[in-house]
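Descriptive structure summary
For reference, the chains in residue letters:
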Amino acid sequence: MTITHAPLVVVLAYDGLCTFEFGVAVEIFGLPRPEMGDGWYRFAVAAVDEGEMRALGGIRLVTDGNLELLQDADTIVVPGWRGVETPVPDALSDALRKAHGRGCRMISICSGVFVLAAAGLLDGKKATTHWRYTERLQQRYPAINVVEDVLYLEEDNVMTSAGSAAGIDLCLHVVRLDFGLEAANVVARRLVVQPHRDGAQQQQVARPVARDRESLRMGSLFDYLHQNIAESHTVASLAQHTGMSERTFLRRFQDATGKTPARWLLDERLSRARHYLLTTRLSMESVAERVGFGNGKTLRRHFQQHLASSPLAWRKKFTGSGE
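Counting restarts for each chain, with residues numbered from 1 along the sequence as it is written. Residues qualify for local features only when their pLDDT is at least 70, as the model is predicted, and side-chain atom pairs are given and counted only at 80 or more; totals for whole chains, interfaces and linings, by contrast, use all residues. Processing note: side-chain calculations cover all non-hydrogen atoms of the structure and skip hydrogens and water entirely.

What about the environment of histidine 5?
This is how the line gets drawn: Comment: elements are numbered from the N terminus, with helices defined as DSSP H or I runs of at least four residues and strands as E runs of at least two. Residue contacts are counted whenever heavy atoms from the two residues lie within 4.5 Å of one another.
Structurally, the position occupied by histidine 5 is in the segment before β1 (8-13). Once residues lying within four places of it in the same chain are set aside, the contact partners of histidine 5 are Gly39, Arg42 and Asp74.

Written as structure tokens, this is what we have:
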């Protein structure tokens, strides 16, 4: 999206609103950020239902208006849905189709994908949702190419994300698209979250929660690594980048990620490789070079060891193409 004005983000509210998903949209798009200047997002909440609405936890909702707000939106966020078996109102589906038809970007978080699916906006497209719902989504909407175990996907101005926290990753991705990497990193630091997780990263990863919050120096390091993932990195060079001794650096890195630097780099490179395999037609050699594996042989070896699959087989499984 090319920013020519302060873009309007409209998030839906409905009876039984999922408060975490809604809060993600508010925090990233609705929170005033004067440091970003006058072009930052405008924000509004649109009511799906008439009359009193309550969010989970007994919260009563007051919105900025009804579905007419969608007519002027640049981006619409569907923050979950009140139940995967709950019908989507025709008026909402119609409003979403009209908005998409004029070029409005659509975002769903977690079960919100069922709203976009009901509106027909995902037919013939790749989409994802929380791993608990992927099978049900595919059964109910066979025209959708449901991709399991990724954090988020984007196709034809429609973006879908997995579980609730993956909505943070997707919304930060949107900020990165609209305002650039540094702006997204600023927001991520305010949230105290990792600056960038690729959409193709697995949903189900067993990892310990860091014992301490990342310092600004560690946050800067992760920014650097994401931008230079293909380069060669050592414990000594990374410790020097953070201004720490190697011993302190290793301890801090383990606290922040639950991994050694070598394991973190391997996982990130595999994640980036899956992203390229899913979204591009790059050759195995090109993918390997871009993510830091050097050559296709090394890429294939790591895929086999850690994913029990070859890169070509993985691409074919999720895209239908073995090229």
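A short note on the pairing of strand β5 (residues 75-79)
Rule in force here: Think of it in three bands: with a 1.4 Å probe and only protein chains considered, a residue is buried below 20% of the maximum accessible area for its type, exposed above 50%, and partly exposed in between. Two strands qualify as a pair provided that DSSP identifies no fewer than 2 bridges between them. With the strands aimed away from the viewer, a crossover counts as right-handed if its path from the first strand over the helix to the second runs clockwise.
The buried count for β5 comes to five of five residues, which makes it a mostly enclosed element. Residues Thr75, Val77 and Pro79 point to one face of β5 and Ile76 and Val78 to the other, with burial holding for every one of them. Alignment of β1 against β5, held across three bridges, turns out to be parallel. Counted as the bridge partner of valine 10 is isoleucine 76 from β5. As defined by bridge partners, β5 adjoins strand β6 (residues 105-109) across five bridges and the pair is classed as parallel. What sits directly across from isoleucine 76, in β6, is methionine 106. After leaving β5, the chain enters helix α2 (residues 90-101) and then returns to the sheet as β6, a path that is right-handed.

Here's the deal with the sheet that holds β1
Rule in force here: Between N-to-C directions, angles span 0 to 180 degrees; the directions come from axes that are lines fitted to C-alpha atoms, helices contributing only their stretch in contact.
Ordered in space as β2-β1-β5-β6-β10-β9, the six strands form an open sheet in which the pairing is mixed. The open sheet terminates on both sides in strands that have one partner only, identified here as β2 (42-47) and β9 (152-155). Within this sheet the neighbouring strands show an average axis-to-axis angle of 20 degrees, counted without direction. Strands in contact with helix α1 (residues 19-30) are β1, β2, β5 and β6; relative to β2, the strand with the most contacts, it is inclined by about 155 degrees. Against the sheet, α2 engages β1, β5, β6 and β10 (158-161), with an angle of about 135 degrees to β6.

Quick look at the packing of helix α10 (residues 261-279) against helix α11 (residues 284-291)
Note the following rule: In what follows, roughly perpendicular refers to angles from 65 to 115 degrees, roughly parallel to angles under 35, roughly antiparallel to angles over 145, and oblique to any angle outside these ranges. The hand of a helix crossing depends on one turn: near helix anticlockwise from the far one by less than a right angle means left-handed, and clockwise means right-handed. Residues are grouped as follows: nonpolar covers Ala, Val, Leu, Ile, Met, Phe, Trp, Tyr, Cys and Pro; charged covers Asp, Glu, Lys and Arg; every other residue, Gly included, is treated as polar.
α11 packs onto α10 with a crossing angle of 140 degrees between their chain directions and a minimal axis gap of 9 Å. Between α10 and α11, the angle falls in the class oblique. In the packing of α10 onto α11, the handedness of the crossing is right-handed. Residues Arg269, Arg272, Ala273, Tyr276 and Leu277 of α10 touch α11, and the partners they reach there are Met284, Val287, Arg290 and Val291. Split by residue class, the contact of α10 with α11 holds six nonpolar, no polar and three charged.

Here we look at the environment of alanine 162
In this fold, alanine 162 is placed in the loop between β10 and α5 (166-179). Classification of alanine 162 by relative accessible area gives buried; the value is 1%. Residues alanine 162 and valine 150 lie twelve residues apart in sequence; the distance between their C-alpha atoms is 7.0 Å.

So far we have only geometry, and geometry alone does not tell us how the molecule works.
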